[in-house]
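# Working through the structure, step by step
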Amino acid sequence: MAKIVVALGGNAILSKDASASAQMNAVKKTAKELVNFIKNGDQLIITHGNGPQVGNLLLQQSAADTPDNPAMPLDTCGAMTQGSLGYWFQNAMREELLKSGIDKDVITIITQTIVAENDPAFQNPSKPIGPFYTESELADIKSAHPNWQLMEDAGRGYRRIVPSPRPLEINEYRAIRQVVDDGIVPIVSGGGGVPVIKKDNKLVGTEAVIDKDFSASKIAQLINADKLIILTSVGGVFYNYGKPDAIELKKVGLDELQQHIDADEFAKGSMLPKVEAATDFVRNTGNPAVIGALEAVKDIIAGEEGTTIINENIVAVAK
Ligand SMILES: Nc1ncnc2c1ncn2[C@@H]1O[C@H](COP(=O)(O)OP(=O)(O)O)[C@@H](O)[C@H]1O
Ligand SMILES: NC(=O)OP(=O)(O)O
């Protein structure tokens, strides 16, 4: 039985239709895939992104902001998305497990991720959140939201960006480890966890969105996971992504992938955090990490899909 941390992208939950019913349907499809790990006998720890959801929630908050009913700050919005997405995932997983005749509890743990107050990321926003805007919408968006910073997101349009400090500690990791040992499936560190700064004995929320790939890697290390699997909207990691000579990788060694990271070859805010989080896990544990498509879970379990990053010095194998 392997202990597997699976990280899901916020874009895998929300595509075009941002209604609760559409997102719940997407989560149901995701749960159908995830149950394959449990059927395979693995211990599953689920973590998910919240980029689209927390950005949309901020827009709703600011649209209804009044002195009597003020908009909630970003850290609280992050916690709210942990609750809403956790609720959808808990029920979807429960349904799929019951269909497979498996009696297992699934719980959401509101998770706080401790970050450094002086993390340079606070001066250099990089995390895309909320909807995508076309180039022609940019002028209107900038005049409606003069304080926003925007960035082009991996060829898919422009998005608001916010600071994304690196996780130092996961405050609830011992509880997560205990729950896993008890055979429960936990949904943890949604949206990378609520970013908090340790001040004396207090955890103080801060305005940021942590990359769930980094917090997934951190949690996977803290609970001694056998594997970290990052599920997203592409089949794997490409060299020269989007170019005519793009190569999709089946297997790559730590050293070679690090050279490509150091050469700035991966897109910031999308593939770069995934390859960095995966290499961090592989380097610190010696265990493999996989980056692959959500729809390919069965093939990923069989070792036939995704890009596997291993702690060996090999020449990359293309798909
Ligand atoms: N080198 C690359 N290899 C594969 N995908 C890449 C690469 N560079 C950028 N991407 C883009 O990164 C996207 C995945 O990142 P993102 O959408 O942020 O993930 P998620 O929301 O699932 O966490 C892919 O859909 C692809 O468009
Ligand atoms: N918080 C976070 O990493 O969200 P996405 O995966 O949706 O970008």
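Each remark here, short or long, concerns the structure printed above.
Residues numbered from 1 in each chain as written. Chains lettered and ligands numbered in written order. Predicted model: local features only at pLDDT ≥ 70, side-chain atom pairs only at ≥ 80, totals over all residues. Heavy atoms only, no water.

## Remarks on the site of ligand 2
Contacts to ligand 2 come from Gly-9, Gly-10, Gly-49, Asn-50, Gly-51, Pro-52, Lys-127, Gly-191, Val-209, Ile-210, Asp-211 and Lys-212. Take Lys-127: an N or O atom from its side chain is 2.7 Å from an oxygen atom of ligand 2. Within the backbone of Ile-210, one N or O atom sits 3.0 Å away from a nitrogen atom of ligand 2. When the residues that make up the shell around ligand 2 are grouped by side-chain class, the tally is 3 nonpolar, 6 polar and 3 charged. (Near = heavy atom within 4 Å. Polar contact = N/O pair within 3.5 Å; in protein donor to acceptor, adjacent residues only side chain to side chain. Nonpolar A, V, L, I, M, F, W, Y, C, P; charged D, E, K, R; others polar.)

## A word on unusual backbone geometry
Phi is positive for Ser-189, which is not a glycine, with a value near 55 degrees. The topology assignment puts Ser-189 in the loop between strand S9 (185-188) and strand S10 (194-199). Overall, the relative accessible area of 0% leaves Ser-189 in the buried class. If you check the backbone angles, Asp-264 has positive phi at about 65 degrees while not being a glycine. Position of Asp-264 relative to the elements: it lies in the loop between helix H7 (254-262) and helix H8 (271-285). (Helix = DSSP H or I, 4+ residues; strand = E, 2+ residues; numbered from the N terminus. Buried < 20%, exposed > 50% of the residue type's maximum accessible area, 1.4 Å probe, protein only.)

## Structural notes on the sheet that holds strand S5 (residues 127-133)
In space, the 3 strands of this open sheet follow the order S5-S7-S6, with antiparallel pairing throughout. Since the sheet does not close on itself, it has two edges, and those belong to S5 and strand S6 (149-152), each with one partner. Strand-to-strand twist of the sheet, defined as the mean angle between neighbouring strand axes without regard to direction, takes the value 40 degrees. Each of S5 and strand S7 (158-162) touches helix H2 (residues 51-63); the most contacted strand, S5, lies at about 70 degrees to it. (Pairing = 2+ DSSP bridges. Axes fitted to C-alpha atoms, helices over the stretch in contact; angles between N-to-C directions. Contact = heavy atoms within 4.5 Å.)

## As for the sheet that holds strand S11 (residues 202-205)
Strand order in the open sheet formed by 4 strands is S8-S4-S10-S11, with mixed pairing between adjacent strands. Strands at the two margins of the open sheet, each flanked by one partner only, are strand S8 (169-170) and S11.

## Describing the pattern of salt bridges
The final tally for this structure, using the stated rule, is 13 salt bridges. With its nearest N and O atoms 3.5 Å apart, the salt bridge here joins Lys-32 to Glu-96. Taken together, the residues Lys-32 in helix H1 (residues 20-39) and Glu-96 in helix H3 (residues 74-99) connect sequence positions 64 residues apart. A salt bridge links Arg-156 to Asp-153; its shortest N-O distance comes to 2.9 Å. Three or more residues are tied together by salt bridges with common partners; here these are Lys-32, Glu-96 and Lys-99. (Salt bridge = Lys/Arg side-chain N within 4 Å of Asp/Glu carboxyl O.)

## As for the site of ligand 1
Around ligand 1, a shell composed of 18 residues is seen, among which Arg-156, Lys-212, Thr-232, Ser-233 and Lys-274 lie nearest. For ligand 1, an oxygen atom lies 2.9 Å from a polar atom in the side chain of Tyr-241. Computed on the free molecule, ligand 1 has an accessible area of 580 Å², of which 93% lies beneath the protein chains in the complex. For the shell around ligand 1, the class distribution of residues is 7 nonpolar, 8 polar and 3 charged. (Areas by Shrake-Rupley, 256 points an atom, 1.4 Å probe, with all protein chains shown as cover.)

No statement about biological role is implied by the geometric values presented.
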